Amino acid sequence: MKLMSKISVVWVFLIVAIIVVPLTSSSYIIGVMCFVAVFGALGIGMGVLMEQAGIFSLAHPTWFGLGAYISGILAVQGVTPPWLGSIVGAVCVAILSVLIGAPLLRLRGYYLACATFGLLLVVEISLAQLGSITGGHEGLMGIPPLTVFGFTFETDIHYYYLSWGLCLACLWFLYNLMGSRVGRAVRAFSDSEIAAGSMGVNVPAFKLKIFVLTAVMASLAGSLYTFYLRFTQPGIFGFPLLVELMTMIIIGGGRTLYGPLLGSFVVLWLRELIHIYLGKLLPRMTAEVDAIFFGVLIIIILVFMPGGLAGWVDRLLGFNRRVIEKATG
């Protein structure tokens, strides 16, 4: 019953996002909701990795950026069609995440966080320095629109349905994964690696599996992101994106699968509202203003809602269920 209530909340949110929003015919709203879906797909994978698997990896913006750059470069150079470049990017990210994850996942906690943060910095700097291939600090421009079997994605509404299709696919995949043998193993070694190992769980293998799967999801989101903007730059995939993702997970609640998606919706729309209304008072809306606002919001969430907004929703559903049970006797 509790699980069905959670799923109902998710589906109500998704139905509103997918069906109702396009009826507004506002390119501004549709554009923001595209980013909600893309960053929601990215945050869902990172939330599973950090909160449910207990793997404190900060490399998610790296996989997001590599997927964007590999698919973008292949499309600009005319090596592959854009859709095939996205697949090639995901395969390359899968291979790199296996090669890098196998040794790094032996580390735990802050050591793993520091190592993966170092990887993020190395990749960001490398993308900026390889100007002849990546466009350097100025960015990669001239990226063609995404085409799939002759159909060209050109309008915002095209990318709207594509981005939400990807987000739904990631959510559906992870719901099924976490309900399978892999998910049970993930929850087991998240609680205690020693206990899980004594029960026959191959902890290193399952760690690597979830690490690679979420990296591939991030790569696909990055490819869609770069084809939507038709532009990419190293700074997009650095430390600011990492902070934004962490904010989404904390505010939304990473202990549930839909929490980061909810966090993506709240963070992106709050940022837009800040820029619209505070922009009248503060002529220069810098990143520091966003940082102050969301820093205060994170403190409030951690103090009063440690499970994030998703945890609050779960408690509200539980309270309503108890009231209904008492009333029906």
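Quick look at the structure, then.

1. Observations concerning the nonpolar core
Then, in step 1: Membership of the largest hydrophobic core comes to 87 residues, with the highest contact counts inside it found for Val36, Phe39, Trp63, Phe64, Tyr159, Trp164 and Ile251.
Then, in step 2: In terms of residue count, the dominant contributor to this core is helix 2 (residues 27-52) (15 residues).
Then, in step 3: In contact with Tyr159, not counting residues within four places along its chain, are Cys34, Pro145, Leu146, Phe153, Glu154, Leu224, Phe227 and Tyr228.

2. Some words on the pattern of salt bridges
Then, in step 1: On inspection of all chains with the given rule, the structure shows three salt bridges.
Then, in step 2: In this structure, Glu193 engages Arg108 in a salt bridge whose closest nitrogen and oxygen atoms are separated by 3.0 Å. A residue pair is termed long-range when its members are at least 10 positions apart, and Glu193 in helix 9 (residues 193-198) and Arg108 in the loop between helix 4 (82-104) and helix 5 (109-129) qualify at 85 residues.
Then, in step 3: Among the residues examined, Glu193 registers a relative accessible area of 22% and is labelled partly exposed.
Then, in step 4: The exposure class assigned to Arg108 is exposed, which follows from its relative accessible area of 53%.

3. Describing the packing of aromatic side chains
Then, in step 1: For the coordinates displayed, the defined rule picks out 18 aromatic pairs.
Then, in step 2: Look at Tyr160 and Trp164: their rings are 6.5 Å apart centre to centre, the planes differ by 55°, and that puts the pair in the tilted class. With Tyr160 and Trp164 both in helix 7 (residues 156-178) and four residues apart, the pair spans about one turn of that helix.
Then, in step 3: The lysine or arginine in question, Lys209, covers the ring of Phe206, its NZ or CZ lying 4.8 Å from the ring centre.

Each value, and the rule that gives it
- Residues numbered from 1 in each chain as written.
- Predicted model: local features only at pLDDT ≥ 70, side-chain atom pairs only at ≥ 80, totals over all residues.
- Heavy atoms only, no water.
- Core = buried A, V, L, I, M, F, W, Y, C linked by side-chain atoms within 4.5 Å.
- Buried < 20%, exposed > 50% of the residue type's maximum accessible area, 1.4 Å probe, protein only.
- Helix = DSSP H or I, 4+ residues; strand = E, 2+ residues; numbered from the N terminus.
- Contact = heavy atoms within 4.5 Å.
- Salt bridge = Lys/Arg side-chain N within 4 Å of Asp/Glu carboxyl O.
- Phe/Tyr/Trp six-rings, centres within 6.5 Å; stacked < 30°, edge-to-face > 60°.
- Lys NZ or Arg CZ within 6 Å of the ring centre and 35° of its normal.

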